[in-house]
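For reference, the chains in residue letters:
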Amino acid sequence: QHLRQLTGWGTASPTAPITMVSGDGQMLYSASRNDAILEFSHARQTSWWRNVSRKITAKRSHLSMFNETNCPITERFDRGVQTIELSKVVGSVNRSDDFDADFLPRVDYVQDRWVNIHLAYQNGEYLPPIDVYKFDDQYYVIDGHHRVSVMRFHGQQYIEASVIELHSPCWN
């Protein structure tokens, strides 16, 4: 079914609704940028409180960082696009300070991208697969941190990912 978007991400007014309309003119969904900004603020506040709690309980608050300096990668296998469990996405290749251990945003400068992904998700738009490295049964995000954050925020259990499986003598 053909869809068209009447008001897009680049709208001049943050309160203007994002409206999806089918080819026959039937409104399918409407969400505002302000709603998405409120959701981002809620995610940031949740991250802040969890960080306080984790400091008290001495639990890890940052994403695990991919690091191959201590152990060389000996083999790489392109496994193509797969559906993976979001709970097994545990870290990042290059953005471990931007998101907390639950992939909630930790910093304000990720807001614009997070809000845009949130609006696309809410409106049922296509979101491309994320790119990940796979070690054993865990995944580290190369590209797609905001998509993982929004999907986890909404309680999704699975996401499409382009998977590169890595092997090292240290992990065998």
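Computed from a predicted model, the values in this text were never measured in an experiment.

Draft legend 1. Region of interest: the overall build of the protein. When helices and strands are counted, the protein shows 3 helices and 9 strands. Reading the helices (α) and strands (β) of the protein from amino to carboxyl end gives β-β-β-α-β-β-β-α-β-β-α-β. Counting all 172 residues of the protein, 40% fall into the buried class. For the protein, restricting intrachain contacts to residue pairs at least 6 apart in sequence, the fraction spanning at least 24 positions comes to 72%.

Draft legend 2. View of the environment of Pro105. Looking at where Pro105 falls in the secondary structure, it is placed in the loop between strand S6 (89–92) and helix H2 (111–122). Among the residues examined, Pro105 registers a relative accessible area of 0% and is labelled buried. Counting along the chain gives 48 residues from Pro105 to Phe153, while the straight-line C-alpha distance between them is 9.9 Å.

Thresholds applied
Residues numbered from 1 in each chain as written. Predicted model: local features only at pLDDT ≥ 70, side-chain atom pairs only at ≥ 80, totals over all residues. Heavy atoms only, no water. Helix = DSSP H or I, 4+ residues; strand = E, 2+ residues; numbered from the N terminus. Buried < 20%, exposed > 50% of the residue type's maximum accessible area, 1.4 Å probe, protein only. Contact = heavy atoms within 4.5 Å.

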